[in-house]
Amino acid sequence: MDAGEFRRLWNEIAPIGRAESGGYVRFSWTEPDLDLRTWFHAQSKLRGLRYEEDRNGNLYAWWDPERELVIDPDAPHPHKAILTGSHFDSVPHGGAYDGPLGIVSAFLAVDQLRADGANPKRPIGIAAFTEEEGGRFGVPCLGSRLMTGVIDPDRARALTDPDGVTLEAAMRAAGAEPDLLGPDPERLERIAAFIELHIEQGRALDGGESSVAVATAIWPHGRWRLTFTGEADHAGTTRLPDRRDPMLTFAFAVLAARKEARLAGGVATVGRVEVEPNATNAIAASVTAWLDARAPDEAVLSEILSGFESKVSERAGRDGTRAAIVRESESPVVEFDASLRDRIAAVLGGAPVLPTAAGHDAGVLSAQVPTAMLFVRNPTGVSHAPGESASDEDCAAGVDALAAVLRDLAC
Ligand code: HGY
Ligand code: MN
Ligand code: MN
Ligand code: MN
């Protein structure tokens, strides 16, 4: 497709949630997210696609030329659907492409198939999953986790954002219904395959001939909440030996995470921290931080965590502080469906295949539905930050690739 055509649709959402940093702040159930949901609805209507919101706040636009409704529980479609899409929400000050590229590309791929007179035998659905980043409520891929039943709906409803607002309250304030959250096996049963197109989150394609790659696997990863508790006191008058300073234990923990990850062959990041009472001239009473750790396999990930836990607990003993490490979410290793991956790589003329250390709804869904991912080249390799990049030409090539895959799988 023409790069200008991609840009025209892309420009419709480009201003939504853009911050002065140049990054995007699109947290679920906040105004930018609601604006993007409205846009999704409008795009569905414009194309005569059937719009639907599921019990977990995920959105769908269905192209079902045979007019047989796939998702009506009373009228099962004879053919399972091909679903494609991604998510609208962002990390704080994230990039433009992580998420929305997969949704905009899906609308354009459907346009392309229709313009070419394609006649799908299966329904083709476009999906927008909710709270993929966990940027507001802490648990990533919340919409797909709820749908697949890997998170308890009561726990999900009670998750809080940094202002203490629960998911339940946030959904109600946005006019959504949190009482229905939970597993949706009938819906999953009617999906033959889910294909997520995504910005590449690295530079494997830079400088090469291909603008699109196919995913092989996702590294196992998880998030842990670290709480360090000490004793607040005067910054000037408290003698060093008398202090119980949780900031010291926290600082040690950041370095320990990095060291354990380096030694084991994974990665670990502490990118978020809160300090109480956050005063310049008082020793901190407590520090709460979030650890994100990932590794090529689960044994390496456990090795990182067990080394980290024992070193931090030993250090807390020396600092006279308490350290609590609580896992908030885990994402097991994902090996994408090999036959689907090979079929897609062949449809795309032998596209390169790549693993990734980033999590995706496709990874969560892969436990119950054959899934695959396409990555669109990112020349900076940056992601989860404003420097995330893609050329309009590569995005247009991504749409062409997605259309070819949908045609192969559905027509
Ligand atoms: O954090 C991740 O890997 C994903 O982008 N949610
Ligand atoms: Mn992301
Ligand atoms: Mn993403
Ligand atoms: Mn004073």
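Treat the numbers as computed from the prediction; the structure is a model and nothing was measured.

Caption draft 1: Quick look at the confidence of the model for the protein. The predicted model of the protein has a mean per-residue pLDDT of 96, with 97% of residues at 70 or higher. Predicted as a complex, the structure gets a pTM of 0.96 and an ipTM equal to 0.91.

Caption draft 2: Layout of the UniProt feature "binding site: allantoate" (unreviewed entry) in the protein. According to UniProt, the "binding site: allantoate" (unreviewed entry) feature falls on R223, N281 and R294. The annotated residues occupy 72 residues of the chain and do not converge on a single region, their most distant C-alpha atoms lying 36.3 Å apart. Assignment of secondary structure puts R223 in strand β7 (residues 221–229). Under the C-beta neighbour-count criterion, R223 is labelled buried, with 21 such atoms within 10 Å. Setting aside anything within four residues of it in sequence, one finds R223 in contact with W290, L291, D292, E328 and S329. With respect to the element layout, N281 can be found in the loop between β9 (267–276) and β10 (282–283). Under the C-beta neighbour-count criterion, N281 is labelled exposed, with 7 such atoms within 10 Å.

Caption draft 3: View of the environment of H198. Within the secondary structure, H198 is located in strand β5 (residues 191–199). When the 26 C-beta atoms within 10 Å are taken as the criterion, H198 is described as buried. Separated by 95 residues in the primary sequence, H198 and A293 have C-alpha atoms spaced 21 Å apart. Leaving out residues up to four positions away in the same chain, H198 has contacts with S86, L101, G102, H360, M373 and F375.

Caption draft 4: Quick peek at the packing of helix α1 (residues 3–13) against helix α3 (residues 100–115). Taken N-terminus to C-terminus, the directions of α1 and α3 make an angle of 130 degrees; their axes are 10 Å apart at the nearest point. Taken together, α1 and α3 sit at an angle that is classed as oblique. Read as a crossing pair, α1 and α3 show a hand that is right-handed. Within the contact between the two elements, α1 uses F6, L9, W10 and I13 and α3 uses P100, V104, F107 and L108. A class-by-class count of the residues in the contact of α1 with α3 yields 8 nonpolar, no polar and no charged.

Caption draft 5: Inspection of the UniProt feature "binding site: Zn(2+) 1" (unreviewed entry) in the protein at higher detail. Per the UniProt record, "binding site: Zn(2+) 1" (unreviewed entry) is annotated on H87, D98 and H198. In summary, the annotated positions, though distributed over 112 residues, converge in three dimensions, the widest C-alpha pair being only 9.7 Å. When you line up the elements, D98 lands in the loop between β3 (81–87) and α3. A residue is classified by how many C-beta atoms lie within 10 Å of it, and D98, with 26 of them, is buried. Beyond its immediate chain neighbours, meaning those up to four positions away, D98 contacts S90, I199, S383, H384 and E388.

Caption draft 6: Summary view of helix α9 (residues 298–319). An ideal rise of 1.5 Å per residue puts 32 Å on 22 residues; α9 measures up with 31 Å between its terminal C-alpha atoms. Those residues of α9 not exposed but buried are L301, I304, L305, F308, V312, R315, A316 and D319. Considered in projection along α9, the buried side chains sweep an arc of 105 degrees and stay on one side of the axis. Turned more than 90 degrees from where α9 packs its buried face, A299, S306, S310, E314, G317 and R318 sit exposed. On its buried side, α9 packs onto α8 (246–264), β9, β11 (286–294) and β12 (322–331).

Caption draft 7: How the structure looks around the sheet that holds β7. Strand order in the open sheet made by the 4 strands is β9-β11-β7-β12, with antiparallel pairing throughout. Edge positions in the open sheet fall to β9 and β12, since each of these has one partner strand only. The sheet shows a mean angle of 20 degrees between the axes of neighbouring strands, direction not considered. Each of β7, β9, β11 and β12 touches α8; the most contacted strand, β11, lies at about 5 degrees to it. Packed onto the sheet, α9 meets β9, β11 and β12 and runs at close to 165 degrees relative to β12.

Caption draft 8: Summary view of the nonpolar core. Core analysis: the biggest nonpolar cluster contains 107 residues, and L374, L402 and L406 have the highest contact counts within it. Of the residues forming this core, the biggest block, 11 residues, is contributed by helix α12 (residues 392–410). When residues of this core are assigned to domains, at least three fall in each of domain 1 (3–219 + 333–410) and domain 2 (221–331). If near-sequence neighbours (up to four positions away) are discounted, L374 is found in contact with I195, L197, V212, V214, G398, A401 and L402.

Caption draft 9: Quick peek at the environment of G4. The topology assignment puts G4 in helix α1. Accessibility expressed as a C-beta count within 10 Å gives 9 for G4, which makes it exposed. Sequence separation between G4 and E393 is 389 residues, and the spatial gap between their C-alpha atoms is 8.4 Å.

Caption draft 10: Highlighting the site of ligand 1. Every residue lining ligand 1 is accounted for by E132, E133, P140, A358 and G359. Looking at the shell around ligand 1 residue by residue, the classes come out as 2 nonpolar, 1 polar and 2 charged.

Caption draft 11: Expanded view of the pairing of strand β6 (residues 212–218). The element β6 is extensively covered by neighbouring structure, given that 5 of its 7 residues are classed as buried. In this sheet, strand β15 (residues 371–376) lies alongside β6 in antiparallel orientation, the contact comprising 3 bridges. What sits directly across from A213, in β15, is F375. The pairing of β6 with strand β13 (residues 334–335) spans 2 bridges and is classified as antiparallel. Within β13, the position partnered with I218 by the bridge is V334.

Cut-off values and rules
Along each chain, numbering runs from 1 in the same order as the chain's sequence is written. The naming scheme follows written order: chains are lettered A onward, ligands numbered 1 onward. Per-residue local features of the predicted model are confined to residues with pLDDT of at least 70, and side-chain atom pairs are confined, for both listing and counting, to 80 or more; whole-chain, interface and lining totals are unaffected and use all residues. pLDDT gives the predictor's per-residue confidence on a scale running from 0 to 100. UniProt positions are given in the numbering used here, feature names are shortened, and annotations may be inferred rather than shown by experiment. Numbered from the N terminus, helices here are DSSP runs of H or I no shorter than four residues, and strands are runs of E no shorter than two. Partly exposed residues are those whose C-beta has more than 12 but fewer than 20 other C-beta atoms within 10 Å; with 20 or more the residue is buried, with 12 or fewer it is exposed, and the C-beta atoms are placed from the backbone. Whether two residues are in contact is decided by their C-beta atoms, placed from the backbone, lying within 7 Å. The angle between two axes is taken between their N-to-C directions and runs from 0 to 180 degrees, where each axis is a line fitted to C-alpha atoms and a helix contributes only its stretch in contact. Angles below 35 degrees are treated as roughly parallel, those above 145 as roughly antiparallel, those between 65 and 115 as roughly perpendicular, and all remaining angles as oblique. A crossing counts as left-handed when the near helix is turned anticlockwise from the far one by less than a right angle, and as right-handed when that turn is clockwise. Residue polarity is assigned by list, with Asp, Glu, Lys and Arg as charged and Ala, Val, Leu, Ile, Met, Phe, Trp, Tyr, Cys and Pro as nonpolar; anything else, Gly included, falls into the polar class. Take the residue count of a helix, subtract one, and multiply by 1.5 Å to get its expected span. Here the arc refers to the set of directions running from the helix axis out to each C-beta atom. In this scheme, strands are said to pair when DSSP sees at least two bridges between them. Put simply, a nonpolar core is a cluster of buried Ala, Val, Leu, Ile, Met, Phe, Trp, Tyr and Cys residues tied together by C-beta atoms within 7 Å. For the purposes of this description, domain bounds are those given by an automatic or database domain assignment. By definition, a residue lies near a molecule or strand when the C-beta atom built from its backbone is within 6 Å of it.

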